[in-house]
Amino acid sequence: IIFGSVAAIALEKAKVPVWVIPPKHPFVVPKRIVFAKDQNEVPTKVLSTLQKLAAKFDATVTVLYVDEGAGRVNRHNVEFEGIKTTYHEIPLSKGVNETINDFIEENQFDLMCMIRREKGFFESIFKKSITKTQVYNSTIPLLVIPDGFTG
C-alpha cells in the first residue's frame, strides 16, 4: 500500500509520463502492450511516448476500450505508425479496473498504458479515478501519460 500511495501521489503531480512497476515484478522487455483508452479523443502528440517505446522494443500494441454502456460510442482514433496494432472493445463485466485486469491476465501483456486526465473539482469528488485505482491493482508495469504531454 505504501508503494501504491507514493506512486499515486507521483502520478497526480507529474507533468511527464510515469512508469509504475509493481513490487517484486521482474524486468521484462515489453513485447505486448495494452493501451486502455476511454471514449475521449487522444491527441497524437500525447501518445508519442508509447509510439517510441513500442518501436524501440518492436512491441505490439492492443488498444482496449471497456464499453460501460450508457450510449457511449468508441472511436478508434488511435493509430501508431509502423507498429502492429489491434483493437478490442469489451463489455463491462465487473468494475472498469477489474474488467481491464481480467483482459490483461487472459492475454498476458507485459505493459499497460493509460492517459491521466485532469478532473474538475466536482468530477474529482464524485468520480473515482480509474488510472489511480489501477496503480493499486495492476499486476504488470503501468505507464501513465499525462493528458497534454507533448514530449
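The structure presented is a predicted model; accordingly, all values stated were derived computationally and were not measured. (Residues numbered from 1 in each chain as written. Predicted model: local features only at pLDDT ≥ 70, side-chain atom pairs only at ≥ 80, totals over all residues. Heavy atoms only, no water.)

Caption draft 1: Local environment of helix H3 (residues 96-107). The end-to-end C-alpha distance of H3, which contains 12 residues, comes to 17 Å, matching closely the 16 Å that a straight helix rising 1.5 Å per residue would cover. Among all positions of H3, only Val96, Asn97, Thr99, Ile100, Asn101, Phe103 and Ile104 are buried. Following H3 by one or two positions, Gln108 has its phi on the positive side, about 50°. (Helix = DSSP H or I, 4+ residues; strand = E, 2+ residues; numbered from the N terminus. Expected span 1.5 Å × (residues − 1). Buried < 20%, exposed > 50% of the residue type's maximum accessible area, 1.4 Å probe, protein only.)

Caption draft 2: Molecular detail of the confidence of the model for the protein chain. Looking at the protein chain as a whole, its pLDDT mean stands at 80, while 79% of the residues score no less than 70. Here helix H4 (residues 121-126) stands out as the least confident element of the protein chain, with mean pLDDT 49; strand S2 (residues 32-37) is the most confident, with 93. (pLDDT = per-residue confidence, 0-100.)

Caption draft 3: How the structure looks around unusual backbone geometry. Of note in the backbone geometry, Asp58 takes a positive phi value of approximately 50° without being a glycine. By the secondary structure assignment, Asp58 is in the loop between helix H2 (48-56) and strand S3 (60-67). Phi at Gln108 takes a positive value of approximately 50°, unusual for a residue other than glycine. Assignment of secondary structure puts Gln108 in the loop between H3 and strand S5 (111-116). The exposure class of Gln108 is exposed, given its relative accessible area of 63%.

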